[in-house]
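What the coordinates show
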Amino acid sequence: MSGKILIETENLTKIYNGRTAVDRLSFHLLEGEVFGFLGPNGAGKTTTLLMLLGLTEPTEGWVKVLGLDPSRNPIAVKSQIGHLQENMGFYGDLNAWQMLDFIAELNGIPDDSARERCEKALRAVGLLDEAEKSIRTFSRGMRQRLGIAELLIKECRIAFMDEPTLGLDPDATNRMMDLVEQLCQETNMTVLLSSHLLHLVQRICHRVGIMIRGKMVACGPVEQLAREKLGIDNDAYTLEQVYMKYFEEGRP
Amino acid sequence: MNGIRAIVRKELADHFSSYRFLILFALIAMVSLITVYMVGLNLKTELRGIAKPKFVFLLLFTSSGSLFSLVQFVAFFGPLLGLVLGFDAINRERSEGTLSKLLSQPIYRDVVINGKFLAGVITISVMMTAIVLVITGLGLKIVGVVPGVEELWRILIYLLISIVYISFWLGISLLFSILFRSIATSALAALAVWIFFSFFIPLGASVVANSQVSQTETSDVSALVQRARIVHTITLASPLELYTHAATIIDPTRKTTRSIVAMGPMERLSLSRFSGPLSLLQSLFIVIPYIVTLIAIAVICFGISYVVFMRQEIRSL
């Protein structure tokens with residue numbers, strides 16, 4: 001971690017049809033860190049990610065991604081950010097090679113280096129042997145790994161992962177998290193990880209942010225939050241305890 | 001335009017390998033071939049022993065064999081091709097979750113819809129050109145007449161008009177695929193519009209005309225003319241009618257796009273004096289308003305889809 005700020009927001013607000021989805025959010029993302037983005041369903045996490053990507057415009061406040069405004073420079077921002085969505089869709093008729101090829105072409109990667117990158121990415125996520133099969137036949141875990149391969153193709157500096165372990169079995173979940181951790185170390189990728197699996201988040205994230213009802217109520221390393229909220233100074237805390245404490249307080 | 005090549009290429013691959021496209025193409029190709037074959041055989045027997053009149057080649061497209069002419073067939077079933085290519089263009093991507101994936105790639109949002117429309121237009125062009133070429137070839141073989149330069153120009157213009165016409169229907173279905181979240185709804189809505197314009201407008205026009213003009217005297221010329229005028233005006237609201245009018249470019253003997261002309265003795269005299277075919281330029285003058293209108297409604301239709309798509313909140317995508 002170099003401590004350089006990659007993403008910064010100030011008073012970021014989004015109002016959908018009179019309902020405040022994100023409420024004056026201010027936080028930053030440092031280079032090389034894994035940031036756990038936590039919160040109950042509907043807390044505004046996905047909306048925040050969409051604003052950071054420039055896919056939806058903030059009602060108020062501003063975002064800077066790598067010094068750029070995503071709603072004014074969407075192309076530059078989107079070429080640096082990989083987005084692994086929850087319920088990610090694939091073209092079922094294509095096979096893994098074709099899918100990655102398509103993503104490479106959309107990212108303007110020249111044909112001669114695309115093949116090489118695809119192979120590298122498929123090997124990294126362990127899908128090289130199944131790459132010729134159509135995606136329709138892929139299991140959920142394989143699809144998620146293919147999603148990670150798409151991020152690798154782009155060689156993006158920042159990756160947003162929205163529930164990457166949703167619906168995976170325990171073994172696949174562990175392997176997924178190992179993969180994420182390994183990639184961060186190898187490629188120095190900065191990751192914004194949104195997940196409900198708090199023990200895994202606690203394991204791999206450097207800092208966490210807890211978002212409840214559109215507001216970020218806590219942000220920092222887990223041990224710091226534990227100290228502040230639970231008054232625990234040793235290692236006898238879990239992120240779950242911290243999270244539940246904030247969650248209880250945030251209740252109307 | 002960043003990435004538009006990627007999208008067009010993928011869409012084209014999808015179209016040409018999809019079963020529904022192949023089925024529809026087989027159907028349209030088959031009907032066209034049968035029609036032209038029958039018309040061709042008719043022509044052959046009629047032409048036996050006499051000098052071949054000018055422009056006989058174009059009759060392949062305009063004369064109805066036993067059922068309908070090729071022009072009528074395209075006017076009626078061409079829209080189906082456009083609708084089939086577009087009715088699930090956007091909402092399928094939406095329901096499969098691939099739309100937001102596309103949009104988080106470094107491309108502008110309009111590239112998606114432009115690419116889809118362009119790929120559809122290319123598919124339509126390839127298909128219509130193939131059919132027209134096959135008919136031309138078959139005509140050469142059956143009738144044994146080589147088309148002249150002017151005839152080729154007329155066929156080319158007709159081809160372009162057909163592409164614009166079918167692209168208009170592609171635009172309609174693209175719009176519905178953006179407006180309606182469900183694929184079944186957008187398909188039904190597109191079909192409803194097609195049926196409305198193809199069946200109800202002509203029907204409604206004659207109902208309105210009958211209510212306006214009393215039908216007691218069939219020999220009353222002024223009443224007949226007035227009735228025809230009302231029907232003509234109302235049916236112009238239908239793209240099908242516009243296309244049928246515009247497609248008269250292919251028939252050089254047509255002096256007007258109207259099907260009914262009441263003639264007095266003076267007109268008969270002048271008609272016989274000028275009964276020769278029109279020059280290409282003159283024919284073009286007659287149909288140009290319809291061509292321009294067709295292009296305009298196609299552009300407007302795509303324009304509406306474009307604006308609606310660009311303004312949609314991503315969260316609802």
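Coordinates for the structure precede this section.
Description of the structure in this document. What you see is a predicted model; the values in this text were computed from it and never measured.

1. Digging into the overall build of chain B
Within chain B one finds 13 helices and zero strands. In sequence order, chain B lays out its α and β elements as α-α-α-α-α-α-α-α-α-α-α-α-α. Among the 317 residues that make up chain B, the fraction classed as buried is 38%. Restricting the contact set of chain B to residue pairs at least 6 apart, pairs at least 24 apart contribute 84%.

2. Re the pairing of strand β7 (residues 158-162) of chain A
Put simply, side chains in a regular strand alternate between the two faces of the sheet. Residues and elements named next belong to chain A. Taken across its five residues, β7 has five buried, putting it largely inside the fold. Neither face of β7 is left uncovered, since the one carrying Ile158, Phe160 and Asp162 and the one carrying Ala159 and Met161 both have all their residues buried. Relative to β7, strand β6 (residues 81-84) is paired through four bridges, and the arrangement is parallel. Along β7, the bridge assignment pairs His83 with Phe160. Of the crossover connections in this fold, the one passing from β7 over helix α6 (residues 170-187) to the parallel strand β8 (residues 190-194) is right-handed.

3. Let's talk about the sheet that holds β8(A)
All names here are of chain A. If you walk across this open sheet you meet the six strands as β6-β7-β8-β4-β9-β10, and the pairing is mixed. Sheet topology places β6 and β10 (215-220) at the edges, where each strand pairs with a single neighbour. The mean inter-strand angle of the sheet, taken between neighbouring strand axes irrespective of direction, is 15°. Relative to β8, strand β4 (residues 34-38) runs parallel, the two sharing four bridges. When the bridges of β8 are listed, Val34 appears paired with Val191. The sheet contacts of helix α5 (residues 140-154) involve β6 and β7, and relative to β6 the element is tilted by about 175°.

4. Details of the nonpolar core
Here is a general trend for soluble globular proteins: nonpolar side chains tend to be buried in one another's company. With 146 residues, the main nonpolar core has Ala149(A), Ile161(B), Ala246(B) and Leu294(B) as its most contacted residues. When residues of this core are assigned to their parent elements, the largest contribution, 15 residues, is made by helix α8 (residues 149-179) of chain B. Excluding residues within four positions of it along the chain, Ala246(B) makes contact with Ile161(B), Val287(B), Tyr290(B), Ile291(B) and Leu294(B).

5. Looking at the environment of Phe61(B)
Residue and element names in this part refer to chain B. For Phe61, the position within the fold is in helix α3 (residues 59-62). Put simply, Phe61 and Phe73 are 12 residues apart on the chain and 9.9 Å apart in space, counted from C-alpha to C-alpha. In this view, Phe61 contacts Ser69, Leu70, Val71, Tyr158 and Ile250; residues no more than four positions away in its chain are not counted.

6. Digging into the interface of chain B and chain A
Each side of the interface is counted separately: chain B has 18 residues, and chain A has 22 residues. Top contributing element to the side of chain B that touches chain A by residue count: helix α6 (residues 98-103) of chain B, with four residues. Split by residue class, the side of chain B that touches chain A holds six nonpolar, seven polar and five charged.

About the thresholds
Residues numbered from 1 in each chain as written. Chains lettered and ligands numbered in written order. Predicted model: local features only at pLDDT ≥ 70, side-chain atom pairs only at ≥ 80, totals over all residues. Helix = DSSP H or I, 4+ residues; strand = E, 2+ residues; numbered from the N terminus. Buried ≥ 20, exposed ≤ 12 C-beta atoms within 10 Å, placed from the backbone. Contact = placed C-beta atoms within 7 Å. Pairing = 2+ DSSP bridges. Right-handed = clockwise from strand over helix to strand, strands pointing away. Axes fitted to C-alpha atoms, helices over the stretch in contact; angles between N-to-C directions. Core = buried A, V, L, I, M, F, W, Y, C linked by C-beta atoms within 7 Å. Nonpolar A, V, L, I, M, F, W, Y, C, P; charged D, E, K, R; others polar.

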